[in-house]
Every structure is written in C-alpha cells, then in structure tokens.
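What follows is the residue order along each chain.
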Amino acid sequence: MKIRRAASSDDVFAAAHLFDAQPLPDATARFLAQDHSHLLIAYVGEEPAGFVSGIETTHPDKGTEMFLYELGVDDAFLRRGIGTALVEALKTLAAERGCYAMWTGTAAGDAAAQATYRKAGGSIDDGAFVSWDLA
C-alpha cells in the first residue's frame, strides 16, 4: 500500500467510488486549490483503496490544528490497516505543517471508527470527540 496526496482532479475522480457521492468538478478544483485542504489517497497496487481528508483551521489565540474531515476505506480493503495508516499519514502531515493538534468527531456507537482512531493514537472523549496532541 502507498499513500499519496491528491494533486489533481484526475486523482480525485479516479477514487470517486470511495466518496459518498460523485465528486463535483467545481468543489474538487476549489478544494485542491486551497493550501489548507488535504486529501490523501491510499493505493493497493494502482487501485484507490481509501482516503482521508483534512482541513487546517487557525484561530488567533490557539494556533493551527488539523480537522480530520472524513475517512473512508473501500469495503474490499477493510481490516488491512489502511484506515489507520491514512490517519497516521494525516497526523504526520499536520505535525509537519505546524499544527498543535488534530481532531475529529465520531458516532458514540461506531466501534470500528473508534478502534481505528485509537490505533492511530487518538484519545476519545465521551465516545464522540477524538483528539491527538501534536505539540
């Protein structure tokens, strides 16, 4: 498995089956053009097997943190560590870009997501808020 940052709309559309709906051309172009938006795609061979997206958010009195926006793995590739590897890759990118933390939310009963986030070093508070301290 290899993880690469999506660099073009072609990368995104080749991985369209991983998203909830067909990617929109205008939204894809806007997302990719923003320096603070990140889309990492995991490949098994040359086949897109999963993705994680993250958005850097900055606040004047807090600094910059990474919001893990969405994580998805194709059903055919579940339970192979791809989700964990994607979260780890986003966490590494966040640290490289100077983020002090990374966070996301999850459903209280989503045991699979919570297990993935824990494997990637996340702390889960009240079964819904997941955070990583990068400082």
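Look above for the structure.
The sections below set out a description of the structure shown in this document. These numbers were taken from a predicted model, which means no experiment stands behind them.

## Brief notes about helix 4 (residues 111–119)
Since one α-helical turn is 3.6 residues long, residues separated by three or four positions face the same way. Among all positions in helix 4, only A113, Q114, T116 and Y117 are buried. Viewed along the axis of helix 4, the buried residues span an arc of 160 degrees, placing them on a single side of the element. Relative to its buried face, helix 4 has exposed residues pointing more than 90 degrees away, namely A111 and K119. Those residues of helix 4 that are buried lie in contact with strand 4 (63–73), helix 3 (82–96), strand 5 (101–105), strand 6 (123–125) and strand 7 (129–133). Of the residues trailing helix 4, G121 is marked for its positive phi of about 90 degrees.

## Description of the packing of aromatic side chains
In this structure the tally under the stated criterion is five aromatic pairs. Residues F67 and W103 carry aromatic rings whose centres are separated by 4.5 Å and whose planes lie at 40 degrees to one another, so their mutual orientation is tilted. In this pair, F67 is assigned in strand 4 and W103 in strand 5, connecting sequence segments 36 residues apart. W103 gets classed as partly exposed once you look at its relative accessible area, which sits at 27%. Seen in terms of ring centroids, Y117 and W132 are 5.8 Å apart; in terms of plane orientation they differ by 85 degrees. Their pairing is edge-to-face. Within this pair, whereas Y117 is found in helix 4, its partner W132 is found in strand 7, the two being separated by 15 residues in sequence. Of the two residues, Y117 and W132, neither departs from the other in class, the shared state being buried.

## Looking at the nonpolar core
L68, V87, L90, M102, Y117 and W132 are the most contacted members of the largest nonpolar core, which totals 21 residues. Looking at this core, the elements with two or more residues in it are strand 2 (37–44), strand 3 (47–59), strand 4, helix 3, helix 4 and strand 7. Considering each element in turn, this core owes the most residues, six residues, to helix 3. In contact with L90, other than residues within four places in its own chain, are H38, L40, V52, S53, G54, M66, L68 and M102. One finds V12, A15, L18 and L39 within the second-largest nonpolar core, a separate group that totals eight residues.

## Focus: the sheet that holds strand 1 (residues 2–5)
Here seven strands make up an open sheet; going across it, the order is 1-2-3-4-5-7-6 and the pairing mixed. Each of the sheet's edge strands pairs with one partner strand only, and the pair in question is strand 1 and strand 6. Direction aside, the axes of adjacent strands within the sheet are offset by 25 degrees on average. Here strand 6 pairs with strand 7 via three bridges, running antiparallel. By the bridge assignment for strand 7, S123 is matched with S131.

Conventions used here
Residues numbered from 1 in each chain as written. Predicted model: local features only at pLDDT ≥ 70, side-chain atom pairs only at ≥ 80, totals over all residues. Heavy atoms only, no water. Buried < 20%, exposed > 50% of the residue type's maximum accessible area, 1.4 Å probe, protein only. Helix = DSSP H or I, 4+ residues; strand = E, 2+ residues; numbered from the N terminus. Arc of directions from axis to C-beta. Contact = heavy atoms within 4.5 Å. Phe/Tyr/Trp six-rings, centres within 6.5 Å; stacked < 30°, edge-to-face > 60°. Core = buried A, V, L, I, M, F, W, Y, C linked by side-chain atoms within 4.5 Å. Pairing = 2+ DSSP bridges. Axes fitted to C-alpha atoms, helices over the stretch in contact; angles between N-to-C directions.

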